[in-house]
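Observations on the three-dimensional arrangement
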Amino acid sequence: MLAITVGLDGSPESLAAADWAAREAAQRETPLCLLHAGEPPRPLYAPLAGLPAPGVLDAQRAWAAELLSGTASRLVERHPGLRITTRQTEDPVVPALLAAEEDTELLVLGSRRLGTVSGFLVGSVALATVARAERPVVLVRADGHPEDEHLPDATGAGATTTPYREVVLGLDPRNPADAVVEFAFEAARRRAAGLRVVHGWNPAVDQGYGAVLEPGPDAEPTEEERHGLGDVLRPWQDKFPGVEVREQAVIGGAGRHLVHASRDASLVVVGRRRRRAPVGGRIGPVTHAVLQHASAPVAVVPHD
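Below, the structure is looked at part by part.

Rules used in this analysis
Residues numbered from 1 in each chain as written. Predicted model: local features only at pLDDT ≥ 70, side-chain atom pairs only at ≥ 80, totals over all residues. Heavy atoms only, no water. Helix = DSSP H or I, 4+ residues; strand = E, 2+ residues; numbered from the N terminus. Contact = heavy atoms within 4.5 Å. Buried < 20%, exposed > 50% of the residue type's maximum accessible area, 1.4 Å probe, protein only. Core = buried A, V, L, I, M, F, W, Y, C linked by side-chain atoms within 4.5 Å. Pairing = 2+ DSSP bridges. Phe/Tyr/Trp six-rings, centres within 6.5 Å; stacked < 30°, edge-to-face > 60°. Lys NZ or Arg CZ within 6 Å of the ring centre and 35° of its normal. Salt bridge = Lys/Arg side-chain N within 4 Å of Asp/Glu carboxyl O.

Once that is clear, we can look at the environment of L258. You can see L258 is positioned in helix α8 (residues 254-261). Remark: the alpha-carbon pair of L258 and L169, spanning 89 residues in sequence, is separated by 8.0 Å. Dropping the residues within four chain positions of it, L258 is found in contact with V168, L169, G170, V198, V270, V286 and V290.

Right, let's get into the side chain of R191. Along the chain, R191 falls in helix α5 (residues 178-191). The class for R191 is buried, based on a relative accessible area of 4%. Among all residues touching R191, those that are not within four sequence positions of it are W20, E24, Q27, Y164, V167, S266 and L267.

Membership of the largest hydrophobic core comes to 44 residues, with the highest contact counts inside it found for L32, V108, L169, F185, L195 and V269. Contacts of F185, omitting those with residues within four sequence positions, involve L195, L233, W236, Q237, F240, V243 and V245. Of all hydrophobic cores here, the second largest spans 29 residues; its members include L98, A131, L139 and L291.

Counting buried residues in strand β10 (residues 265-273) gives seven out of nine residues, a clear majority hidden from the surface. In this structure, strand β7 (residues 166-170) lies alongside β10, joined through four bridges in parallel fashion. Looking at the pairing, L169 lines up with V269 of β10. Across six bridges, the pairing between β10 and strand β11 (residues 298-303) is parallel.

Looking at the secondary structure, you find T161 in the loop between β6 (137-141) and β7. The class of T161 is exposed, set by a relative accessible area of 75%. As a C-alpha pair, T161 and H150 span 11 residues in sequence and 7.7 Å in three-dimensional space.

Next up on the list: the packing of aromatic side chains. Considering all chains together, one arrives at two aromatic pairs under this definition. With a centroid separation of 6.4 Å and an interplanar angle of 25°, the aromatic rings of F185 and W236 are classed as stacked. One end of the pair, F185, is in helix α5; the other, W236, is in helix α7 (residues 223-239), and 51 residues separate them in sequence. Each of the two residues, F185 as well as W236, counts as buried. Counting every residue linked through ring pairs, the aromatic cluster contains F185, W236 and F240. Cation over ring: R191 sits above Y164, and NZ or CZ is 5.7 Å from the ring centre.

What follows deals with the pattern of salt bridges. Counted under the stated rule, the structure contains 19 salt bridges. Across the pair R61 and D58 runs a salt bridge whose closest N-O atoms are separated by 3.3 Å. Of this pair, R61 and D58 both sit in helix α2 (residues 56-78), separated by three residues, roughly a single helical turn. E186 serves as the salt-bridge partner of R189, at 2.9 Å between the closest nitrogen and oxygen. Of this pair, R189 and E186 both sit in helix α5, three residues apart, which is roughly one turn of the helix.

Time to look at unusual backbone geometry. The backbone of E29 sits at a positive phi, close to 55°, despite the residue not being glycine. Relative to the elements of secondary structure, E29 occurs in the loop between α1 (12-28) and β2 (32-36). Positive phi, normally seen in glycine, also occurs at A192, with a value near 55°. By secondary structure assignment, the location of A192 is in the loop between α5 and β8 (195-201). According to the relative accessible area criterion, A192 is exposed, its value standing at 68%.

See the structure below:
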């Protein structure tokens, strides 16, 4: 059985990602793999020789092993019955994460908040992994909490026993990707949550002018646009009859609308088109904007 793999380095963001991954693994009834990768840091050197001081590297390896075992113990206490494995490698982080995909259905990584600025700090490891991964990747905020994914209780306080907030899907009806749509519907079904489908529409593009013209304040999506979105979603609604779908055709680029919708979402789902380029993968502008500024965890699903 494929596992959910989370990259763990001891940082608050990676520990938050491990917590999210454990909840997701328990919900899916699938194993969880905690992965620590990268060469141990070398802060101390023997005098004159330029070599690591005796025992330093062994101590760093021991620290990583303790991090993995301690995190696994903590997660098992929170999720009895969850199957957890650990893996420690000194391979570079991004290649190690990508290599783990062979036994993985979902990669989970942490991402820091940008201080007082509303957004993620998506580092080079996260971006490189998202751009090259063949499996879906979820980025989790360091300051996120389980109750953030649920509706508030009757008093307005955060809770984990209330229903989940809706899942938000960014979709282009002209180029829908089955893998992305199915991931979003499955996520909503598992959470017994609604699915909000956001489609950005620009009349300048539809009239063949590229992105030169800005839509006016009174512009509205055409009936053709609305029907097109409904036609794409209808087979999926038939396949997932228990998922209540809310369609939202919006004016302008989808990125800012998805960021706004993320404030009331348990998960945001976006796609990334696979590009077979010799220099590696690429993240599109909408997905990049969502990664930088979304308030909820973001799942990036690669597709052809």
